[in-house]
Amino acid sequence: MTLNVTFSILVFVVDYYFIERKRSIIFRLSSENQVNISTIKSLQTENERLLKNQFIVNNLTEENINEIMRLAQKDDPFFLDRFQFFFPDFFSKLDHIGAKLILSDHHLCAMMRLNLDTKQIATYTNTTIKSVESKKYRLRKKLNIPSDVEITQWILSV
């Protein structure tokens, strides 16, 4: 009888220890998650600020921005021409930084420059998300962008 009581108490103590340990881990992960969410929001705000600043520098009006976005959404062949009109030095800077980029690389960079995410790019170009991710990976290698740097953020800073 005392052996059963002792065993029950021991099991209770061990269970309590693991429950508290699990609670501690959940609290730590929750705190880290809040920090990550905050970091993501600040990066998104910074992306938007950089994009707006670039639009101001290039004297882009809301009408011009809408035109470029409309051409991107339609995957119009004139998209790159209009983009290059409003961002005249962008492709030459990219070509100067890395290996010669092909037309599809320029197209991807232009879309990232407009701060479009992978899903939007895939939708607008009628390709899969995996395909766009692969193109981004190959572009990262061509431009020697470190893996710890977000490629869209890097493109926005060019």
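This text follows the structure it describes.
Cut-offs used in this document
Residues numbered from 1 in each chain as written. Predicted model: local features only at pLDDT ≥ 70, side-chain atom pairs only at ≥ 80, totals over all residues. Heavy atoms only, no water. Helix = DSSP H or I, 4+ residues; strand = E, 2+ residues; numbered from the N terminus. Rg over C-alpha atoms; globule rule 2.2 N^0.38 Å. Buried < 20%, exposed > 50% of the residue type's maximum accessible area, 1.4 Å probe, protein only. Contact = heavy atoms within 4.5 Å. Areas by Shrake-Rupley, 256 points an atom, 1.4 Å probe, with all protein chains shown as cover. Lys, Arg positive; Asp, Glu negative; His and termini not counted. Charge placed at Lys NZ, Arg CZ, Asp CG, Glu CD. Salt bridge = Lys/Arg side-chain N within 4 Å of Asp/Glu carboxyl O. Polar contact = N/O pair within 3.5 Å; in protein donor to acceptor, adjacent residues only side chain to side chain. Axes fitted to C-alpha atoms, helices over the stretch in contact; angles between N-to-C directions. Parallel < 35°, antiparallel > 145°, perpendicular 65-115°, else oblique. Left-handed = near helix turned anticlockwise from the far one by under 90°. Nonpolar A, V, L, I, M, F, W, Y, C, P; charged D, E, K, R; others polar. Expected span 1.5 Å × (residues − 1). Arc of directions from axis to C-beta. Phe/Tyr/Trp six-rings, centres within 6.5 Å; stacked < 30°, edge-to-face > 60°.

Draft legend 1. Quick peek at the overall build of the protein chain. A count of helical and extended segments in the protein chain gives eight helices and zero strands. Listed by position from the N terminus, the elements making up the protein chain come as α-α-α-α-α-α-α-α. A globule of 158 residues ought to have a C-alpha radius of gyration of about 15 Å, yet the protein chain, at 25 Å, is considerably larger. Seen along its three principal axes, the alpha-carbon backbone of the protein chain occupies a region of about 90 × 30 × 30 Å. In the protein chain, which comprises 158 residues, the proportion classed as buried is 32%. Partitioning the intrachain contacts of the protein chain with sequence separation of at least 6 by distance along the chain shows that 57% fall at a separation of at least 24. When the accessible area of the protein chain is evaluated, it comes to approximately 11,000 Å², of which 59% is carbon and sulfur surface. Treating the 21 positive side-chain charges of the protein chain as one cloud and the 18 negative ones as another, the clouds have centres 4 Å apart.

Draft legend 2. Expanded view of the side chain of Arg140. Looking at the secondary structure, you find Arg140 in helix α7 (residues 129-142). Buried charged residue Arg140 carries no salt bridge. Nearest counter-charge: Glu150, at 5.6 Å. Among the polar contacts listed, one links the side chain of Arg140 to the backbone oxygen of Pro146, at a separation of 2.7 Å. When neighbours within four sequence positions are excluded, Arg140 is seen to be in contact with Ile145, Pro146, Ser147, Val149, Glu150 and Ile151.

Draft legend 3. Examining the packing of helix α5 (residues 103-113) against helix α6 (residues 118-125) more closely. One can describe the packing of α5 onto α6 by two numbers: an axis separation of 10 Å at closest approach and a directional angle of 130°. Put simply, α5 runs oblique to α6. Here α5 and α6 pass one another in a crossing that is right-handed. Here His107, Leu108, Met111 and Met112 of α5 lie close against α6, whose contacting residues are Ile121, Tyr124 and Thr125. Of the residues belonging to the contact of α5 with α6, the class tally is five nonpolar, two polar and no charged.

Draft legend 4. Quick peek at α7. With 14 residues, α7 should reach 20 Å at 1.5 Å per residue; the first-to-last C-alpha distance of 20 Å fits that figure. Residues of α7 that are buried include every one of Val132, Lys136, Leu139 and Arg140, and no others. Viewed end-on, α7 has its buried residues packed into an arc of 105°, placing them on one side of the element. Exposed side chains of α7 directed beyond 90 degrees from the buried face belong to Lys130 and Lys141.

Draft legend 5. Structural context of the environment of Ile102. Counting through the fold element by element, Ile102 comes out in the loop between α4 (90-97) and α5. In this structure the C-alpha to C-alpha distance between Ile102 and Thr118, which are 16 residues apart in sequence, comes to 19 Å.

Draft legend 6. How the structure looks around the packing of aromatic side chains. With the rule as written, the count across this model stands at eight aromatic pairs. Ring centres 6.4 Å apart and planes at 25° place the aromatic pair Phe12 and Tyr16 in the stacked group. Of this pair, Phe12 and Tyr16 both sit in helix α1 (residues 2-57), four residues apart, which is roughly one turn of that helix. Three or more aromatic residues link up through ring pairs in this structure, and these residues are Phe79, Phe83, Phe87, Phe90 and Phe91.

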